[in-house]
Amino acid sequence: MKRDFAVAVKAVIIKEDKALVLSRSKVEMQSSYMNSRQKWDLPGGGLHFYERAEDGLHREIREETGLEAAIGLPVSLFDVIKYHIHLCIFTYACRWLEGEVRLSGEHEAFYWLTEDEAEESDLPSWLKRDIHRAFAAVGKGAKG
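Rules of the game
- Residues numbered from 1 in each chain as written.
- Predicted model: local features only at pLDDT ≥ 70, side-chain atom pairs only at ≥ 80, totals over all residues.
- Heavy atoms only, no water.
- Core = buried A, V, L, I, M, F, W, Y, C linked by side-chain atoms within 4.5 Å.
- Buried < 20%, exposed > 50% of the residue type's maximum accessible area, 1.4 Å probe, protein only.
- Helix = DSSP H or I, 4+ residues; strand = E, 2+ residues; numbered from the N terminus.
- Contact = heavy atoms within 4.5 Å.
- Phe/Tyr/Trp six-rings, centres within 6.5 Å; stacked < 30°, edge-to-face > 60°.
- Lys NZ or Arg CZ within 6 Å of the ring centre and 35° of its normal.

So, the nonpolar core
- Judged by nonpolar contacts, the single largest core of 16 residues is most densely connected at V12, I14, A19, V21, L123, L127 and I131.
- Mapped onto this core, the elements with two or more residues apiece are β1 (4-15), β2 (18-24) and α4 (125-139).
- With five residues, α4 is the largest single contributor of residues to this core.
- Not counting residues up to four positions away in its chain, the partners in contact with I131 are V12, A19, V21, A118 and L123.
- One finds L20, I61, I71 and V101 within the second-largest nonpolar core, a separate group that totals 13 residues.

Given below as structure tokens:
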């Protein structure tokens, strides 16, 4: 059996007092071999070989949302090993710089949520945790 290793990057983009949360499209969920049941997502994706994490995250943010964001501090590392793949996902606190959200086909909806709205929502605990950490990081002077 072939085994593989991948690195992905995700962004919690903060605009004023709200964080961007995406809803995955049905096609994207059905084609996922890692997580076909989770509808909630953050902008981001897999890094290309020889691509720096920040460069890949800028690319993914533009491709999936059309936004420009300043990348700040990392807020989490999720390490998942399933059958034939080992995936590391690094999530960064980011600050919105400019643009209006224009979704790619990977997502069907987006929401700008305050920290309280995220906490009270049906978002998964990992996403609430990363949003909370991103607000804390941006409040403490995330670079950008």
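Structure shown, so let's carry the discussion forward.
A short note on the environment of L47
- On the secondary structure map, L47 appears in the loop between β4 (44-46) and α2 (53-65).
- Residue L47 is classed as partly exposed on the basis of its relative accessible area, which comes to 22%.
- Considered as a pair, L47 and I89 are 42 residues apart in the sequence and their alpha carbons are 10.0 Å apart.
- In this structure, L47 is in contact with V7, A8, V9, R52, A53, G56 and R59, ignoring residues within four places of it in sequence.

Side note on the packing of aromatic side chains
- Here the structure, examined in full by the defined rule, presents two aromatic pairs.
- Taking the centre distance of 5.8 Å and the plane angle of 65° together, the rings of W40 and Y111 count as edge-to-face. Of this pair, W40 sits in strand β3 (residues 40-41) while Y111 is found in strand β7 (residues 107-113), placing the two residues 71 residues apart along the sequence.
- By relative accessible area, which is 12% here, W40 ends up buried.
- A ring pair is formed by F49 and Y50, whose centres lie 4.5 Å apart and whose planes are at 75°; its orientation type is edge-to-face.
- F49 sits in the exposed class, given a relative accessible area of 72%.
- Overall, the relative accessible area of 77% leaves Y50 in the exposed class.
- Above the plane of the ring of W96 lies K15, whose end atom (NZ or CZ) is 4.4 Å from the centre.
- Against the face of W112 rests K15, its NZ or CZ located 5.6 Å from the ring centre.

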